Amino acid sequence: MSPAADCEPAELAQLYGALVFKAAYRVLGDRAQAEDVQQDVFLRMIEKRPDTVRSWPAYLSASASRAAIDLLRRHQRWRNLVPLWLVSLPANEDSVEAHGEAGQRAARLRTALARLSRREAQCFALRYIEGVAIAEIALMLALSENSVSVSLHRARQRLETLLRDDQSEDAV
Amino acid sequence: MNQRHEHELSPLLAEHVAAVEPVPSEALNAAQDRLQLRLRAARPKPGTRYPLRWAAAAMLALVVSTALVLPLFSDSGAAFAAARHHFRNFKTLSMRIEQRMDGALLQTTQVLINDQGQVRTDVDAQLSIIVDPLRGDLLTLLHDSKQAMRMPLPVAVPVRGGTNTPGLEWLDEVRNFQGRAKRLDQPRLIDGHEASGWKLDIGGSSFVLWIDQQGLPLAMEQQAGGSLELLYQFEFDAVIAAQVWTTDAPPGYTLVEGGPDQD
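Quick caveat: nothing in here was measured; it's all calculated off a predicted structure.

1. Points about the overall build of chain A
Here comes step 1: Looking only at helices and strands, chain A features eight helices and two strands.
Here comes step 2: Every one of the 172 residues in chain A was classed for burial, and the buried ones make up 42%.
Here comes step 3: When contacts within chain A are restricted to residue pairs at least 6 apart in sequence, those whose partners lie at least 24 apart make up 71%.

2. Here we look at the overall build of chain B
Here comes step 1: Each helix and strand in chain B was counted, giving five helices and 13 strands.
Here comes step 2: For chain B, buried positions account for 33% of its 263 residues.
Here comes step 3: For chain B, contacts bridging at least 24 residues in sequence account for 51% of all contacts bridging at least 6.

3. Some words on the nonpolar core
Here comes step 1: Counting residues in hydrophobic clusters, the biggest one holds 49 residues, and the most contacted among them are Ala24(A), Ala64(A), Ala68(A), Leu113(A) and Phe124(A).
Here comes step 2: For this core, the secondary structure elements donating two or more residues are α1 (9-28), α2 (31-47), α3 (56-81), α5 (100-113), α6 (118-129), α7 (134-141) and α8 (145-171) of chain A together with α2 (25-41) of chain B.
Here comes step 3: Tallying contributions element by element places α1(A) first for this core, with 10 residues.
Here comes step 4: Each residue touching Ala24(A), except ones within four places of it in the same chain, is listed here: Ala34(A), Val37(A), Gln38(A), Ala64(A), Ala67(A) and Ala68(A).
Here comes step 5: Of all hydrophobic cores here, the second largest spans 28 residues; its members include Leu141(B), Ala195(B), Trp198(B) and Phe207(B).

4. Digging into the confidence of the model for chain B
All names here are of chain B.
Here comes step 1: On average, residues of chain B score 70 in pLDDT, and 64% of them are at 70 or above.
Here comes step 2: Mean pLDDT values for the elements of chain B range from 38 in helix α5 (residues 170-175) up to 92 in helix α1 (residues 11-18).
Here comes step 3: Ignoring residues within four places in sequence, the model shows residues 44-77, a span with pLDDT below 50, making 94 contacts including any to other chains.
Here comes step 4: Here the complex is predicted with pTM 0.49, and the ipTM for its interfaces comes to 0.82.

5. Digging into the pairing of strand β3 (residues 119-123) of chain B
Residue and element names in this part refer to chain B.
Here comes step 1: Burial runs high along β3: four of the five residues are buried.
Here comes step 2: Relative to β3, strand β2 (residues 104-114) runs antiparallel, the two being bridged by five bridges. If you follow Thr-109 over to β3, its bridge partner there is Val-123.
Here comes step 3: Note: β3 against strand β4 (residues 127-132), five bridges, orientation antiparallel. The partner of Arg-120 across the bridge, within β4, is Ile-130.
Here comes step 4: Two successive antiparallel strands, β3 and β4, enclose a turn made up of three residues, where Asp-124 displays a positive phi of approximately 45 degrees.

6. Some details on the packing of α1(A) against α2(A)
All names here are of chain A.
Here comes step 1: Packing of α1 against α2 brings their axes to within 8 Å, and their N-to-C directions diverge by 140 degrees. Between α1 and α2, the interaxial angle falls into the category oblique. Crossing handedness for the pair α1 and α2: right-handed. On α2, the residues that touch Pro-9, Leu-12, Ala-13, Gly-17, Val-20, Phe-21, Ala-24, Tyr-25 and Leu-28 of α1 are Arg-31, Gln-33, Ala-34, Glu-35, Val-37, Gln-38, Val-41, Phe-42, Met-45 and Ile-46.

7. Looking at the packing of α1(A) against α2(B)
Here comes step 1: The N-to-C vectors of α1(A) and α2(B) enclose an angle of 145 degrees; their axes lie 10 Å apart at closest approach. Considering the relative orientation of α1(A) and α2(B), their crossing is right-handed. Side by side, α1(A) and α2(B) meet where Pro9(A), Ala10(A), Ala13(A), Gly17(A), Ala18(A), Phe21(A) and Lys22(A) of the first sit next to Leu28(B), Ala31(B), Gln32(B), Leu35(B), Gln36(B) and Leu39(B) of the second.

8. Here we look at the confidence of the model for chain A
Here comes step 1: Mean pLDDT for chain A: 81, with 81% of residues reaching 70 or above.
Here comes step 2: For residues 1-5 of chain A, every residue scores under 50 in pLDDT, and the model assigns this stretch 11 contacts once sequence neighbours within four places are set aside.

9. Things to note about the environment of Ala125(B)
Here comes step 1: Here Ala125(B) is to be found in the loop between β3 and β4.
Here comes step 2: Along the backbone, Ala125(B) and Thr109(B) are 16 residues apart, and their C-alpha atoms lie at a distance of 9.1 Å.

10. Re unusual backbone geometry
Here comes step 1: Even without being glycine, Ala142(A) reaches a positive phi, approximately 55 degrees.
Here comes step 2: Take Ala142(A): it is sitting in the loop between α7 and α8.
Here comes step 3: Residues other than glycine seldom take positive phi values, yet Asp191(B) does so here, at roughly 50 degrees.
Here comes step 4: Within the fold, Asp191(B) resides in the loop between β8 (188-190) and β9 (193-202).

11. Side note on the pairing of strand β11 (residues 217-223) of chain B
All names here are of chain B.
Here comes step 1: Of all seven residues in β11, five are buried; the element is thus mostly enclosed.
Here comes step 2: Pairing of β11 with strand β12 (residues 228-236) involves five bridges; the strand directions are antiparallel. Looking at β12, one finds that Glu-221 is bridged to Leu-231.

12. Considerations on the environment of His86(B)
Residue and element names in this part refer to chain B.
Here comes step 1: Looking at the element boundaries, His-86 is found in helix α4 (residues 81-89).
Here comes step 2: Judged by the 18 C-beta atoms lying within 10 Å of it, His-86 is partly exposed.
Here comes step 3: As a C-alpha pair, His-86 and Leu-216 span 130 residues in sequence and 7.0 Å in three-dimensional space.
Here comes step 4: Setting aside anything within four residues of it in sequence, one finds His-86 in contact with Leu-216, Pro-217 and Phe-236.

Reading guide: rules and limits
- Residues numbered from 1 in each chain as written.
- Chains lettered and ligands numbered in written order.
- Predicted model: local features only at pLDDT ≥ 70, side-chain atom pairs only at ≥ 80, totals over all residues.
- Helix = DSSP H or I, 4+ residues; strand = E, 2+ residues; numbered from the N terminus.
- Buried ≥ 20, exposed ≤ 12 C-beta atoms within 10 Å, placed from the backbone.
- Contact = placed C-beta atoms within 7 Å.
- Core = buried A, V, L, I, M, F, W, Y, C linked by C-beta atoms within 7 Å.
- pLDDT = per-residue confidence, 0-100.
- Pairing = 2+ DSSP bridges.
- Axes fitted to C-alpha atoms, helices over the stretch in contact; angles between N-to-C directions.
- Parallel < 35°, antiparallel > 145°, perpendicular 65-115°, else oblique.
- Left-handed = near helix turned anticlockwise from the far one by under 90°.

Next up, the structure:
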């Protein structure tokens, strides 16, 4: 393990900022939100340095995916709270979800992801959206490989159900 | 033999995952530039919080505020100068917003903003949302069930130059807005004051802003698409009690920790 004090957040941002932005963007599908997550991840490191970090890319990927999932879930919760007229306002024009059938599928996946538990959503995003191996996810999240596998299994089942329900509603 | 591997995605899931888009390189580069600027400007003071453009909570306030103020800067003539002054220099701004569909009232919202960037939104008598960018807190109150939920706002704020005033970053965007306003022929009486109407089309929505003879904005109408209409009434610099802005749960409310964020 390497002491975190050896690395300044600005240096880490230069090295791994793109990695963090990509991880957040692929979960969120929105430039502004991904940028907010990216800044959030590095600013938090200024506020409170992690004690020890085995691998900065792994640590930062995990931080980015967790922050993105949290934001996704917060937005989902927010949609349940805010008045209709605010929700129905035009989306950010940079949002990829506004475009095409594929964009709609990605949007449906994100909506469903936001309904999973944080751990399940994060495991799913890291494994299937980021392509991280299960053993690596286990290290990143300080879980056993078995726990990661269980979370992935639950995530797949739940997402499958949510997406099928979504399709059925669309077909009605 | 057709059984899938343990960790293989079903066709339905695989189709949805495959739809997740690649990252646009220009967005990546721009984000990197802004990140470096932001980190350079950041001071490592524990506990310091910053408002965030796309924080879920602030979104409510900013959408309302931006929708409200955009028309004021769309005309460079003297007619809007006084109105601009009011919107730039208020200590408090109170907005009553009626949402109407085909003329029928759907919902009434009260939005309060102060010069510290604190925003309180009350939706009918059911829901209140208080955003305090100084504390970095968002408080949601569900009045029927007497529940309170508090969550932190994310800490980042994009650097785009300009005021850098917590909670008022939208002013920078507004200043760059270009557009045209058309003065309506017929004035209108609002609470006994004669007001002139200025019509603007912005982002597919039609706005009419009503300003009195001293340049005080009194009201605004927004056609928000279809038969949805938003009617705003403004009051500037009313005295508002400090407790209105607090993000502490009020007495009698149960604090719901974390909500669905908990695993």
